[in-house]
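Results of the structural survey
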Amino acid sequence: MLFRGTIYLIGFGLSVAGGINIIAYMNLLPMGYSYSYYFLYIGRRPECYLFIAGLILIWFSIYGTNSEE
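Residues numbered from 1 in each chain as written. Predicted model: local features only at pLDDT ≥ 70, side-chain atom pairs only at ≥ 80, totals over all residues. Heavy atoms only, no water.

**Notes on the overall build of the protein chain**
- Within the protein chain one finds three helices and zero strands.
- Listing every helix and strand of the protein chain by position from the N terminus yields α-α-α.
- Along the longest, intermediate and shortest principal axes, the C-alpha atoms of the protein chain span 55 × 15 × 15 Å.
- Expressed as a percentage of the 69 residues in the protein chain, the buried residues total 23%.
- For the protein chain, long-range pairs separated by at least 24 residues make up 72% of all intrachain contacts whose partners lie at least 6 apart in sequence.
- When the accessible surface of the protein chain is totalled, it reaches about 5200 Å², and 72% of it is carbon and sulfur. (Helix = DSSP H or I, 4+ residues; strand = E, 2+ residues; numbered from the N terminus. Buried < 20%, exposed > 50% of the residue type's maximum accessible area, 1.4 Å probe, protein only. Contact = heavy atoms within 4.5 Å. Areas by Shrake-Rupley, 256 points an atom, 1.4 Å probe, with all protein chains shown as cover.)

**As for the pattern of salt bridges**
- A complete count under the given rule lists one salt bridge for this structure.
- We note a salt bridge from Glu47 to Arg45, for which the minimum N-O separation is 3.2 Å.
- Taking the relative accessible area as the measure of exposure, Arg45 reaches 28% and is therefore partly exposed. (Salt bridge = Lys/Arg side-chain N within 4 Å of Asp/Glu carboxyl O.)

**Observations concerning the nonpolar core**
- Grouped together as the largest cluster of nonpolar side chains are five residues: Tyr25, Leu29, Tyr38, Ile42 and Cys48.
- When sequence neighbours within four positions are dropped, the list of residues in contact with Leu29 reads Ser34, Tyr35 and Tyr38. (Core = buried A, V, L, I, M, F, W, Y, C linked by side-chain atoms within 4.5 Å.)

**Points about the packing of aromatic side chains**
- In this structure the tally under the stated criterion is five aromatic pairs.
- Members of the aromatic cluster, each reached through a chain of ring pairs, are Tyr25, Tyr33, Tyr37 and Tyr41. (Phe/Tyr/Trp six-rings, centres within 6.5 Å; stacked < 30°, edge-to-face > 60°.)

**A short note on the environment of Ile22**
- Take Ile22: it is sitting in helix H1 (residues 2-24).
- Along the primary structure Ile22 and Arg45 are separated by 23 residues, whereas in three dimensions their C-alpha atoms are 9.4 Å apart.
- With sequence-adjacent residues up to four places away left out, Ile22 is seen in contact with Tyr38, Ile42, Cys48 and Phe51.

This is how it looks when you write it as structure tokens:
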């Protein structure tokens with residue numbers, strides 16, 4: 001239970017950090033860039049992958065196999 005809680009909190013922190021970067025890069029849109037350029041840009045930024053990694057860790061901590069049995 002403690003392991004799953006720790007993984008959940010780490011995943012939550014990573015997803016918040018990645019989500020903040022994704023939202024911060026939305027400032028490119030008012031500067032005249034298109035949505036396609038925006039998605040290509042955040043797809044190339046390594047800090048935006050933290051959001052996906054965090055969601056995977058959260059999913060694993062909630063729905064992963066129960067190793068306590």
